[in-house]
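Residues per chain are reported as follows:
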Amino acid sequence: MTANSIESHLVNAVKDVPPVAVGAVTLFGVQLSDFVLILTAVYTIIRIISELHLWYARKRDDRNSAVLGSRDTDDTNK
């Protein structure tokens, strides 16, 4: 298979995921409105975790830069 062939198959597969997922959960007795609520809840949780991770990374970087900055000012060889 060529790279273009694999890419086109992946694009087609990704396009087919939403209707297949809706059909699958409908077969298991989950209504479409409930499925949308579940996806919204999952999306919200992922966004919250992502934002908390970014916030923590920024705080950690700020602390590290403050520590590194204080080390530079304490250097007596300058």
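The following paragraphs examine the structure supplied in this document. Remember, it's a predicted structure, so these values are computed and weren't measured experimentally.

1. Some words on the overall build of the chain
Right, on to step 1. Scanning the chain from N- to C-terminus turns up two helices and zero strands.
Right, on to step 2. Buried positions account for 4% of the 78 residues belonging to the chain.
Right, on to step 3. Looking at the chain as shown, the accessible area adds up to about 6900 Å², and 66% of this sits on carbon and sulfur atoms.

2. Considerations on the environment of Thr44
Right, on to step 1. Looking at the element boundaries, Thr44 is found in helix H2 (residues 32-73).
Right, on to step 2. Thr44 sits in the partly exposed class, given a relative accessible area of 36%.
Right, on to step 3. At 2.8 Å, the side chain of Thr44 and the backbone oxygen of Thr40 are in polar contact.

3. What to know about helix H1 (residues 3-27)
Two residues of an α-helix separated by three or four positions point the same way, owing to the 3.6 residues in each turn.
Right, on to step 1. In this model H1 runs 35 Å from its N-terminal to its C-terminal C-alpha over 25 residues, within 8% of the 36 Å that 1.5 Å per residue would give.
Right, on to step 2. The largest bend along H1 measures about 40 degrees and falls at Val17, with the proline Pro18 one to four residues further on.
Right, on to step 3. After H1 finishes, the residue Gly29 shows a positive phi value of roughly 95 degrees.

4. Some words on a nonpolar patch on the surface
Right, on to step 1. A surface patch of nonpolar side chains, about 440 Å² in accessible area, is lined by Ile48, Leu52, Trp55 and Tyr56.
Right, on to step 2. Looking at the secondary structure, you find Ile48 in helix H2.

5. A word on the environment of Val36
Right, on to step 1. By secondary structure assignment, the location of Val36 is in helix H2.
Right, on to step 2. Classification of Val36 by relative accessible area gives partly exposed; the value is 45%.
Right, on to step 3. With 14 residues separating them along the chain, Val36 and Val22 place their C-alpha atoms 9.3 Å apart.

What counts and what doesn't
- Residues numbered from 1 in each chain as written.
- Predicted model: local features only at pLDDT ≥ 70, side-chain atom pairs only at ≥ 80, totals over all residues.
- Heavy atoms only, no water.
- Helix = DSSP H or I, 4+ residues; strand = E, 2+ residues; numbered from the N terminus.
- Buried < 20%, exposed > 50% of the residue type's maximum accessible area, 1.4 Å probe, protein only.
- Areas by Shrake-Rupley, 256 points an atom, 1.4 Å probe, with all protein chains shown as cover.
- Polar contact = N/O pair within 3.5 Å; in protein donor to acceptor, adjacent residues only side chain to side chain.
- Expected span 1.5 Å × (residues − 1).
- Bend = angle between axes of the 7 residues up to and from the residue.
- Patch = residues over 30% accessible without salt bridge, like charges linked within 9 Å, V, L, I, M, F, W, Y side chains within 5 Å.
- Salt bridge = Lys/Arg side-chain N within 4 Å of Asp/Glu carboxyl O.

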